[in-house]
Amino acid sequence: MKVSESRKTAYDPLTERKVEEICNDCFASESERIAEIGKKFVHYFADNASSDGVLFKTIKEITGDINIPHQSLSKVLKVLEDKKVIYRRNGIIGLWKK
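Residues numbered from 1 in each chain as written. Predicted model: local features only at pLDDT ≥ 70, side-chain atom pairs only at ≥ 80, totals over all residues. Heavy atoms only, no water.

Asker: Before we move on, can you summarise the pairing of strand E2 (residues 86-89) with the specific residues and values?
Answerer: A regular strand carries its side chains on alternate faces of the sheet. Across four bridges, E2 lies against strand E3 (residues 92-95) in antiparallel orientation. Bridge assignment links Arg88 to a residue of E3, and that residue is Ile93. Between E2 and E3, which pair antiparallel one after the other, the connecting turn spans two residues, and Asn90 there sits at a positive phi close to 45°. (Pairing = 2+ DSSP bridges. Helix = DSSP H or I, 4+ residues; strand = E, 2+ residues; numbered from the N terminus.)

Here it is as structure tokens:
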């Protein structure tokens, strides 16, 4: 899965290389299953987030879109949040700008 190339904006937070770096850094110490789901989610985020790095989807919508269990997505989001890659507030998931 490739990061959407149709999004050409001044701020493009997730390049393909950065997606791979995030996955390798954040999920190296997790189980293979969580690492795989994490990679799926990071790609999904890159393809569906706004140009400001914000995803306006509910957990239910995300789990339905990428066909993963709610518990697994929650674990992935917790890992990404703990590593300060994303933040969650009021039903949105945002990418921390570094």
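Further notes follow.
Asker: Please give an account of the sheet that holds E2 that cites residues and values.
Answerer: If you walk across this open sheet you meet the three strands as E1-E3-E2, and the pairing is antiparallel. Two strands in the sheet have a free side with no partner beyond their single neighbour: strand E1 (54-55) and E2. Sheet topology note: the E1/E3 ladder contains two bridges and is antiparallel. Bridge pairing in E3 places Leu55 opposite Ile93.

Asker: Requested: an account of the pattern of salt bridges, with residues and values cited.
Answerer: With the rule as written, the count across this model stands at five salt bridges. A salt bridge links Asp65 to Lys57, with the nearest nitrogen and oxygen atoms 3.2 Å apart. For Asp65, a relative accessible area of 45% puts it in the partly exposed group. When its relative accessible area of 26% is taken as the criterion, Lys57 is described as partly exposed. Between Asp82 and Lys78 there is a salt bridge; the shortest N-O distance is 3.1 Å. A residue pair is termed a helical-turn pair when its members lie 3 or 4 positions apart in one helix, as Asp82 and Lys78 do in helix H4 (residues 70-82) at four residues. On the basis of relative accessibility, which here comes to 44%, the residue Lys78 falls in the partly exposed class. (Salt bridge = Lys/Arg side-chain N within 4 Å of Asp/Glu carboxyl O. Buried < 20%, exposed > 50% of the residue type's maximum accessible area, 1.4 Å probe, protein only.)

Asker: Any details on helix H1 (residues 16-27)? Residues and values, ideally.
Answerer: A rise of 1.5 Å per residue sets the reference length of H1, with its twelve residues, at 16 Å; its end C-alpha atoms lie 17 Å apart and thus fit the reference within 8%. For H1, the full list of buried residues reads Val19, Ile22, Cys23, Cys26 and Phe27. Down the axis of H1, the buried side of the element spans an arc of 95°, and every buried residue falls inside it. What points out from H1, more than 90 degrees from its buried face, is the exposed set Arg17, Asn24 and Asp25. Among the structural elements, helix H2 (32-48) and H4 are those in contact with the buried residues of H1. (Expected span 1.5 Å × (residues − 1). Arc of directions from axis to C-beta. Contact = heavy atoms within 4.5 Å.)

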